[in-house]
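What follows is each chain in one-letter form.
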Amino acid sequence: MIVVGIDVGGKNLHIVVKKGGQILAKATGPTGIKKAEAAEQLYDEVLNKAGLTRKDVERVVATGSSAKRVAFASGAIPDAAADARGVTKLVPSARTVIDVGAEEGRAIKVSPEGKVLDFATNDKCAAGTGTFVEAMSRALEVSLDEMSEITFQSTQTLSTNAQCAVFGESEVVSLIHQKTPKPDIARAVMNAVAGRVASIARIVGLEKDVVVVGGMAKNAGFVDSLKKNIDMNLVVPEDPDYIGALGAAEAALTGAMTEQVDAKILGKEPSQRGKVNCF
Amino acid sequence: MIANYGFKDGSGDWYVTIDTDKCNGCGKCSEVCPAKVLGVGPDEIDIFGEKPVAFVKHEERKKIKYSCAPCRPGYGVEPAPCVAICEPQAITHSEGWKLQFGFR
Amino acid sequence: MTQLPGIKREKEMAEEVMKAREFWRWPETNWVNLDIDWKKGKVITAGVDVGSVSTQAVIMVDGEFFAYGNTRTGSDSPTSAQKGMGFGLAKTDMKIENMDYCIGTGYGRVNVPMAQQFITEISCHARGANFMYGPEVRTVMDMGGQDCKAIHVDDRGKVLNFMMNDKCAAGTGRGMEVFADLIGVPVWEIGTRSFKIQKEPPRISSTCVVFAKSEVVGLLESGMPENDIIAAYCSAMAHRILELLNRLGVKEKFVITGGIAKNEGVVKRLEKELSIKTAERVWSKKEYMDRGYPFDTQLAGAIGAALFGNVLLKMGKAKSARKA
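What comes next concerns the included structure. None of these values were measured; they are calculated from a predicted model.

The next point concerns the overall build of chain C. Each helix and strand in chain C was counted, giving 10 helices and 10 strands. Over its C-alpha atoms chain C spans a radius of gyration of 20 Å, differing by no more than 12% from the 20 Å that the globule rule assigns to 324 residues. Its C-alpha atoms give chain C principal-axis dimensions of about 65 × 45 × 35 Å. A total of 324 residues make up chain C; the buried ones form 61% of that total. Here the contacts in chain C between residues at least 6 apart in sequence split such that 68% fall between residues at least 24 apart. Accessible area of chain C: about 13,000 Å², with a carbon and sulfur share of 51%.

Once that is clear, we can look at the interface of chain C and chain B. The interface is formed by 29 residues belonging to chain C together with 22 residues belonging to chain B. For the pair chain C and chain B, the two sides together bury roughly 2,100 Å², of which 59% comes from carbon and sulfur. On the chain C side of the contact with chain B, Phe162, Lys167 and Arg247 of chain C bury the most area, a combined 29% of that side's loss. There are four salt bridges connecting chain C and chain B.

Residues and elements named next belong to chain B. Counting buried positions along strand 2 (residues 12–19) yields eight of eight residues, so the element is predominantly enclosed. Covered by surrounding structure in strand 2 are Gly12, Trp14, Val16 and Ile18 together with Asp13, Tyr15, Thr17 and Asp19, the residues of both alternating faces. As judged from the eight bridges shared by strand 1 (residues 2–9) and strand 2, these two strands associate in the antiparallel manner. Across the sheet, residue Lys8 finds its bridge partner in strand 2, namely Asp13. Linking strand 1 back to strand 2 in an antiparallel pair, the connection comprises two residues.

All names here are of chain A. If you walk across this open sheet you meet the five strands as 8-7-6-9-10, and the pairing is mixed. Across the chains shown, the open sheet's two edge strands, defined by having one partner strand only, are strand 8 (116–123) and strand 10 (234–235). Looking at chain direction, strand 6 (residues 96–100) and strand 7 (residues 104–110) are connected through five bridges and run antiparallel. Bridge pairing links Ile98 to Ala107 in strand 7.

The subject of this paragraph is the environment of Asp49 of chain C. All names here are of chain C. Tracing the sequence through the fold places Asp49 in strand 2 (residues 44–50). Judged by relative accessible area, which is 5%, Asp49 ranks as buried. With 28 residues separating them in the primary sequence, Asp49 and Ser77 have C-alpha atoms 9.8 Å apart. Ignoring anything within four residues of it in the chain, the contact list for Asp49 reads Ser54, Thr55, Gln56, Thr105, Gly106, His125, Gly301 and Ala302.

Let's shift gears to the side chain of Asp83 of chain A. All names here are of chain A. In this structure, Asp83 sits in helix 2 (residues 79–90). Residue class for Asp83 comes out buried when judged on its relative accessible area of 3%. Filtering out sequence-adjacent residues up to four positions away, Asp83 remains in contact with Val97, Asp99, Arg106, Ile108, Val213, Ile243 and Gly244.

Analysis parameters
- Residues numbered from 1 in each chain as written.
- Chains lettered and ligands numbered in written order.
- Predicted model: local features only at pLDDT ≥ 70, side-chain atom pairs only at ≥ 80, totals over all residues.
- Heavy atoms only, no water.
- Helix = DSSP H or I, 4+ residues; strand = E, 2+ residues; numbered from the N terminus.
- Rg over C-alpha atoms; globule rule 2.2 N^0.38 Å.
- Buried < 20%, exposed > 50% of the residue type's maximum accessible area, 1.4 Å probe, protein only.
- Contact = heavy atoms within 4.5 Å.
- Areas by Shrake-Rupley, 256 points an atom, 1.4 Å probe, with all protein chains shown as cover.
- Buried area = accessible area lost by both parts, 1.4 Å probe.
- Salt bridge = Lys/Arg side-chain N within 4 Å of Asp/Glu carboxyl O.
- Pairing = 2+ DSSP bridges.

Have a look at this one:
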């Protein structure tokens with residue numbers, strides 16, 4: 001059976017095409033402003049790569065912040081569920097998942113079977129996300145890859161005050177004016193984000209193996225800062241940004257079209273998500 | 001005087017509230033806080049106030065969301081240590097932690 | 001950031017801003033009270049409020065408003081304090097040595113070299129708002145460059161309750177400046193342009209300024225008229241402030257101080273959501289109003305600081321630092 005998992009994230013789309021246990025093709029591209037269209041386009045692109053047409057696909061499961069924009073999806077699952085499934089498939093020893101994307105950072109406690117036992121997220125604020133690092137990279141006038149590299153060249157630890165991407169940018173600019181070496185600034189930025197992510201992870205408990213996924217997992221500098229902060233070994237699977245899509249594909253394979261995370265987590269009441277969706 | 005220390009951002013309301021009229025400056029909250037965010041000293045806001053009061057340290061105010069999270073203020077099985085030990089019940093937390101990190 | 005030489009007048013400044021494309025700059029101003037001969041005054045106090053974005057210095061003679069300077073904060077607080085004070089004294093022959101007491105206030109731990117004491121901006125704003133708007137003030141909302149705070153005060157300007165946010169750029173001047181820069185409209189035109197629309201659009205949904213920026217880019221690309229986008233952003237900021245205020249509750253007389261108070265686009269929408277009108281921006285003291293003394297909402301902190309100086313001297317809790 002051929003299935004497709006699609007993760008429509010805040011910044012990037014990821015699609016995975018699976019046939020049973022094998023990945024036939026995968027693709028990624030920017031989500032952009034017109035999310036529905038971007039999804040359609042990338043879908044056709046990846047099917048083309050796999051030499052398939054839409055008719056060949058049995059089921060499509062979507063995940064990600066804009067999962068509902070995927071017109072061709074048969075179902076959708078929450079990000080946490082997708083992460084849990086995707087990670088345990090690749091790393092069976094995983095017990096804690098840390099997913100840091102462009103717009104959200106989350107920590108998930110997973111069971112060996114790939115179920116979400118507990119989770120905590122950092123959302124609607126850029127400070128604990130990839131967006132923060134990206135904004136600082138612009139202020140430093142380096143690419144994200146460069147920023148990751150120079151992190152390792154840092155020779156002194158700086159502490160930063162700003163807890164906001166907007167104020168952080170001003171702070172970086174003034175550090176540059178004070179002639180602070182860029183590697184030290186880069187390290188300070190990575191430490192700041194890692195600190196915030198680690199705090200969220202501690203809420204669910206850090207049980208090994210701790211797996212880091214999402215776009216930021218590709219940033220070696222960030223992963224290094226995170227590792228030093230929680231003082232534990234971190235596992236970063238190959239193509240860590242595809243985990244969400246992979247998990248959605250896994251869900252499609254098992255026929256779990258929609259998955260209720262959270263209904264009864266360890267006998268607790270459903271968690272109420274803050275309704276602070278306003279400016 | 002009600003002092004709300006903390007911040008509000010896209011992810012929620014994160015405030016530690018100290019009622020300085022009720023606070024007797026005993027300092028127990030500062031001692032039990034595992035994150036060491038509380039201090040006791042002269043009232044910064046009411047400069048004519050005579051007694052010392054508890055407050056959240058300046059450098060901790062913008063990070064309070066992460067500092068208080070492990071104590072599960074407002075939704076843990078037990079109240080947060082600072083709340084539990086305060087006799088006049090001068091210290092409370094906003095709902096951010098309960099709403100964002102769920103019932104426990 | 002190019003440094004404009006000297007202090008220009010508003011119109012010249014506006015032209016330079018458009019040329020330099022620095023849409024976040026607003027005009028710097030100063031003033032002296034020609035009705036007061038400071039040499040005949042008994043007690044001269046000053047307040048210097050070094051904010052994250054703007055710095056104000058206010059000088060009071062026997063508790064009366066004598067002079068002020070409102071400038072852009074520089075690279076560090078001592079320089080900004082000196083610039084602000086210098087600008088405030090520019091139209092008079094008074095020197096710092098003639099002052100009895102100077103109190104510094106402002107954002108974070110500022111270093112005001114000419115001050116004898118530091119008092120938090122929360123207390124200073126409360127007292128300053130009480131002086132400017134009168135003893136009926138009960139709720140003060142200060143929207144500064146990098147913070148926003150809500151304060152409940154009593155009839156003497158004493159703080160009863162406060163809530164501050166200086167962690168998140170949303171609802172602060174910086175949040176508005178980022179937006180103004182993005183769409184290329186000077187900050188002081190945002191308010192008026194936000195009303196040049198047919199219908200009130202839905203507000204920008206993200207609280208976070210960074211995420212709101214992406215939303216704005218999307219709206220621009222989708223062809224939404226600029227003024228509509230401005231309206232949507234002002235609406236979002238007003239709503240954000242409403243959320244902060246609702247935690248504290250709003251009691252009239254309700255006043256807004258700080259830079260954003262000058263942005264009608266945000267203020268009017270906030271009033272609408274609250275169903276409470278902010279107090280008129282005129283001096284509570286009749287003579288001040290009649291004589292047309294300038295009423296700048298950004299001065300509340302420095303005014304409060306100068307007044308504290310007066311009170312502390314009167315109570316004998318401070319010693320005069322006058323040297324000449």
